[in-house]
There are 2 protein chains.
Amino acid sequence: MPKAKVYVTLKPTLLDAQGRVLQDALQSLGYETVQGVRVGKYLEIELSPNGDLHAQVEEMCRKLLANPVIENFRYEVEP
Amino acid sequence: MPKAKVYVTLKPTLLDAQGRVLQDALQSLGYETVQGVRVGKYLEIELSPNGDLHAQVEEMCRKLLANPVIENFRYEVEP
């Protein structure tokens, strides 16, 4: 069954509060090498092999899965 | 600057309520090809190039970023 992997990330210019909290937590645990953390969503979508799956996933991202005002997305479709 | 990409997913045997809601929403939008949706976290961590970064990221995942009882994780470290 084809599977789409979708990665949704906050646009780089926006403050990522959740990432900032994780960065502070990691540094306070002693991971001094951590310079920055950004948190995003990772979605795995199982699809039935009908039609142009790339076009469908692109549309799903624009309509529902990502907020194009504040988020970027990318995706892969595996056959 | 080296960057780690971390993917945290709920274990496959567990019900993914958020994924279920997205699946229903996508199907009600007309995407009948959607057979299942699983939601996970995607983290990008910027690191300074000190020591064994793979070992550090593995440890960060176990200690803080993932809950090993209910979640799986995988990661890549880019130089």
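Higher on the page you've got the structure.
Since the structure is predicted, the reported quantities are computational estimates derived from the model, not experimental observations.

J.: Lay out the relation of the copies chain B and chain A in plain terms, naming residues and giving numbers.
T.: A rotation about an axis combined with a shift along that same axis relates the two copies of the chain. Overlay of chain B on chain A (RMSD 0.0 Å): rotation 180 degrees, translation along the axis 0.0 Å. The two molecules are tied by a two-fold rotation axis, judged by turn and shift. The overlap is high: 100% of the interface residues of chain B also sit at the interface in chain A, so the same surface is used on both sides.

J.: If you had to explain the pattern of salt bridges to someone new, which residues and values would you point to?
T.: Residues and elements named next belong to chain A. Scanning the model with the defined rule gives ten salt bridges over all chains in all. Between Glu58 and Arg62 there is a salt bridge, with its nearest N and O atoms 2.6 Å apart. In this pair, Glu58 and Arg62 are both assigned in helix α2 (residues 53–65), four residues apart and thus about one turn of the helix distant. Relative accessible area serves as the criterion here: at 24%, Glu58 is assigned to the partly exposed category.

J.: Pulling in residues and values, what's your account of the sheet that holds strand β3 (residues 71–78) of chain B?
T.: In any sheet, the strands associate via hydrogen bonds between backbone groups, in a parallel or an antiparallel arrangement. Ordered in space as β3(A)-β1(A)-β2(A)-β2(B)-β1(B)-β3(B), the six strands form an open sheet in which the pairing is antiparallel. Strand pairing shows two members of the sheet lacking a second neighbour, β3 (71–78) of chain A together with β3 of chain B, which therefore form its edges. On average, each strand axis in the sheet is inclined to that of its neighbour by 20 degrees, with strand direction left out of account. The pairing of strand β1 (residues 3–10) of chain B with β3(B) spans eight bridges and is antiparallel. The partner of Val6(B) across the bridge, within β3(B), is Tyr75(B). Packed onto the sheet, α2(A) meets β1 (3–10), β2 (34–47) and β3 of chain A together with β2 (34–47) of chain B and runs at close to 150 degrees relative to β3(A). Most of the contacts of helix α1 (residues 17–28) of chain B go to β2(B), to which it runs at about 125 degrees, and overall it touches β2 of chain A together with β2 of chain B.

J.: Any details on the interface of chain B and chain A? Residues and values, ideally.
T.: Every contact between the two is made by 34 residues of chain B and, on the other side, 34 residues of chain A. Taking both sides of the interface into account, the surface hidden between chain B and chain A amounts to around 2900 Å²; carbon and sulfur atoms contribute 65%. The largest per-residue losses of area from chain B upon contact with chain A belong to Tyr31(B), Thr33(B) and Tyr42(B), which jointly make up 22% of the total buried on that side. If you look at where chain B meets chain A, you find zero salt bridges. In this structure, the connection of chain B to chain A is made through 16 residue pairs in polar contact (both at pLDDT 80 or more). Mapped onto the side of chain B that touches chain A, the elements with two or more residues apiece are β1, α1, β2 and α2 (53–65) of chain B. The biggest single contributor to the side of chain B that touches chain A is β2(B), with 14 residues. Classifying every residue of the side of chain B that touches chain A by side-chain character gives 17 nonpolar, eight polar and nine charged. As judged from the 13 bridges shared by β2(A) and β2(B), these two strands associate in the antiparallel manner. For Gly36(A), the partnering residue across the bridge sits in β2(B) and is Glu46(B).

The rules behind the values
- Residues numbered from 1 in each chain as written.
- Chains lettered and ligands numbered in written order.
- Predicted model: local features only at pLDDT ≥ 70, side-chain atom pairs only at ≥ 80, totals over all residues.
- Heavy atoms only, no water.
- Least-squares fit on C-alpha atoms with pLDDT ≥ 70 in both.
- Contact = heavy atoms within 4.5 Å.
- Salt bridge = Lys/Arg side-chain N within 4 Å of Asp/Glu carboxyl O.
- Helix = DSSP H or I, 4+ residues; strand = E, 2+ residues; numbered from the N terminus.
- Buried < 20%, exposed > 50% of the residue type's maximum accessible area, 1.4 Å probe, protein only.
- Pairing = 2+ DSSP bridges.
- Axes fitted to C-alpha atoms, helices over the stretch in contact; angles between N-to-C directions.
- Buried area = accessible area lost by both parts, 1.4 Å probe.
- Polar contact = N/O pair within 3.5 Å; in protein donor to acceptor, adjacent residues only side chain to side chain.
- Nonpolar A, V, L, I, M, F, W, Y, C, P; charged D, E, K, R; others polar.

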